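# Examining the three-dimensional arrangement
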Amino acid sequence: MPEIYVFEDNGPEDGLVEKGMLITPSSTLLLNSCNGHTMRFLNGSTHTLDKLKRIMQRDGTETYYIVFYDVSPNNINTVNGYRDLVIRCKSFKNVYILPIICIEYFLVHMLRDMKVLQCGVKLEPFIHYLVDEFDWNKFLSEYREGEFLFTYKENLKNKKLPGAIKSLEKSYKYILEKQLYVCLNNHNSESRNNCGWFYKNDCNCEGCSFSQKYTKAYKAERLVSSLPIFTIISREHKMLLKCYGIDTEPVSLDKAVHKQADFYKRLSENMGFTNIFSADVIDTPDIKL
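These numbers were taken from a predicted model, which means no experiment stands behind them. Per chain, the residues get numbers from 1 upward, laid out in the order the sequence is written. A pLDDT threshold of at least 70 governs which residues receive local features in this predicted model, and a stricter bar of 80 or more applies before side-chain atom pairs are shown or counted, although totals over entire chains, interfaces and linings include all residues. The side-chain quantities take in all heavy atoms of the structure and omit both hydrogens and water.

## What about the packing of aromatic side chains?
Note the following rule: Ring pairs shown here join Phe, Tyr and Trp side chains whose ring centres sit within 6.5 Å, with only the six-membered ring taken for Trp; geometry is labelled stacked below 30 degrees between planes, edge-to-face above 60, and tilted in between. Only DSSP runs of H or I reaching four residues or more are called helices, and only runs of E reaching two or more are called strands; each is numbered from the N terminus. The rule is simple: take the accessible area with a 1.4 Å probe, protein chains only, and divide by the maximum for that residue type; under 20% is buried, over 50% is exposed, in between is partly exposed. For a lysine, the NZ atom is tested; for an arginine, the CZ atom; a charge sits over a ring if that atom is within 6 Å of the ring centre and within 35 degrees of the ring normal.
Taken as a whole, this structure holds 14 aromatic pairs when the rule is applied. An angle of 25° between the planes, with centres 5.9 Å apart, marks the rings of F7 and F41 as stacked. Taken together, the residues span a long stretch of sequence, with F7 in strand β1 (residues 3-7) and F41 in strand β2 (residues 39-41) at a distance of 34 residues. With 5.9 Å between their ring centres and 45° between their planes, Y64 and Y96 make a pair best called tilted. One end of the pair, Y64, is in strand β3 (residues 64-70); the other, Y96, is in strand β4 (residues 95-100), and 32 residues separate them in sequence. For Y64, a relative accessible area of 16% puts it in the buried group. An aromatic cluster is defined as three or more aromatic residues linked by ring pairs; in this entry it consists of Y105, F106, Y172, F263 and Y264. We note K219 situated over the ring of F198; from NZ or CZ to the ring centre the distance is 3.9 Å.

## Remarks on the pairing of β4
The condition is simple: Any two strands with at least two DSSP-identified bridges between them are counted as paired.
Within β4, six of the six residues are buried, which leaves the element mostly enclosed by the surrounding structure. Burial of β4 is two-sided: the residues V95, I97 and P99 facing one way and the residues Y96, L98 and I100 facing the other way are all buried. Pairing between β3 and β4: six bridges, direction parallel. From the neighbouring strand, Y65 faces β4, where its bridge partner is V95.

## Some remarks on the pattern of salt bridges
Stated formally: By definition here, a salt bridge exists when the distance from a side-chain nitrogen of Lys or Arg to a carboxyl oxygen of Asp or Glu is within 4 Å.
The full count for this structure, using the stated rule, is nine salt bridges. Across the pair D84 and R88 runs a salt bridge whose closest N-O atoms are separated by 3.4 Å. With a gap of four residues between them, D84 and R88 both fall in helix α3 (residues 76-88), about one helical turn apart. For D84, a relative accessible area of 36% puts it in the partly exposed group. For R88, a relative accessible area of 44% puts it in the partly exposed group. Of the charged contacts in the structure, one is a salt bridge between E269 and K265, with a shortest N-O distance of 3.0 Å. Note that E269 and K265 are positioned in helix α13 (residues 253-271) at a spacing of four residues, about one turn of the helix. The class of E269 is exposed, set by a relative accessible area of 52%.

## Here we look at the packing of helix α4 (residues 103-113) against helix α5 (residues 124-132)
Heads up, the rule is: Here, axes are lines fitted to C-alpha atoms. For helices the fit covers the stretch in contact, and angles between N-to-C directions go from 0 to 180 degrees. An angle below 35 degrees is read as roughly parallel, one above 145 as roughly antiparallel, one from 65 to 115 as roughly perpendicular, and any other as oblique. In this analysis, two residues are considered to be in contact whenever any of their non-hydrogen atoms come within 4.5 Å of each other. For this classification, Asp, Glu, Lys and Arg are treated as charged, while Ala, Val, Leu, Ile, Met, Phe, Trp, Tyr, Cys and Pro are nonpolar and the rest, including Gly, are polar.
In contact at an axis separation of 11 Å, α4 and α5 are set at 105° when each is read in the N-to-C sense. Judged by the inter-axis angle, α4 sits roughly perpendicular to α5. Here α4 contributes V108, H109 and R112 to the contact with α5, which in turn contributes I127, L130, V131 and D132. Broken down by class, the residue content of the contact of α4 with α5 amounts to four nonpolar, one polar and two charged.

## Focus: α3
Operational definition: Every helix has an expected span of 1.5 Å times one less than the residues it contains. Arc definition: directions from the helix axis to the C-beta atoms. Throughout this description, a polar contact denotes any pair of N or O atoms lying within 3.5 Å of each other; where both atoms belong to protein, one of them has to be capable of donating a hydrogen while the other can accept it, and for residues adjacent in sequence the pair is counted only when both atoms sit in side chains.
Along its 13 residues, α3 runs 18 Å from first to last C-alpha, staying within 8% of the 18 Å computed at 1.5 Å per residue. Along α3, the residues classified as buried are T78, V79, G81, Y82, L85 and V86. Along the axis of α3, the buried positions cluster into a sector of 165°, meaning they face one direction only. Turned more than 90 degrees away from the buried face of α3 sit I76, N77 and I87, all of them exposed. Close packing links the buried residues of α3 with α2 (48-59), β3, β4 and α9 (168-178). One side-chain oxygen of the residue at the start of α3 lies 3.1 Å from the amide nitrogen of N77, identifying that residue as N75.

## Some thoughts on the environment of A217
Within the element layout of this structure, A217 appears in helix α11 (residues 216-225). Of the residues examined, A217 reaches a relative accessible area of 32% and is grouped as partly exposed. In sequence terms A217 and S33 are 184 residues apart; their C-alpha atoms lie 6.3 Å from each other.

## Observations concerning the sheet that holds β2
The four strands lie next to each other as β2-β1-β3-β4, forming an open sheet whose pairing is parallel. What marks the edges here is a single partner per strand, and that holds for β2 and β4. Neighbour-to-neighbour, the strand axes of the sheet open up by a mean angle of 25°, direction not taken into account. Each of β3 and β4 touches α13; the most contacted strand, β4, lies at about 30° to it.

## A few points about the pairing of β3
Rules: Orient the strands so they point away from the viewer, and a crossover whose first-strand-to-second-strand path over the helix runs clockwise is right-handed.
Most of β3 sits out of view: seven of its seven residues are buried. Burial along β3 is two-sided: Y64, I66, F68 and D70 and Y65, V67 and Y69, pointing in opposite directions, are all buried. Across five bridges, the pairing between β1 and β3 is parallel. Of the residues in β3, the one forming a bridge with F7 is F68. Chirality of the crossover, the property in question, places the unit of β3, α3 and β4 among those that are right-handed.

Laid out in structure tokens, this is it:
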């Protein structure tokens, strides 16, 4: 059966872009990849199951639906939302829920690997301890918001934490928001005409001092191939990835689910939170994608 990939982010629920539609940079890249025709978006985490059912009605039952659901160990709302969705989707034999921190997590790592991600002093703890390596406690020991000192869990309980560290996925969104772009045409503000320029265009702007001229297609494939699982749709697609220097290996859905379970076990231990990964979703068929 074919596969449909579903994300929480802003983008077309049916995969078709309409004029004036609000689309995040990550969604732009996903849609411009070779897998773009298989990408669907929920536009937020509310009424997730209703939106998913609408997608399933349009795309049919003879399809596997792989839902990437944003889950941060230090955000109980995302943990409960994930567990609830897993339980409610148990009757659907063709729906699989894979937890990820957020799509920005993969985008930040991609930009870092491409040497595009630039940071000032304020972002240094984020880059050192959330991107180059992962050590939540070292990150907290260096993070400051003005003169703000805190005991993390106590302030989490009291909801007194600054937005950038209230939830792990917000930390990666914060990095993207505050980074210093190598691309001088790119802007984060939606009020600017060039918002998301780097993600929508090839890197061939006249006068650009950036040495690497990445194409839009290259950026798109780099992001998609960094996901826990994705589909190589043809021999030509496989050759394109090889041309881009992107290494791939066959991954079954079963292996991807277990890999995420291990990832969240280590992540939760590092952060000092209970492991969020439910055993209910580990019993999956061995599907070669």
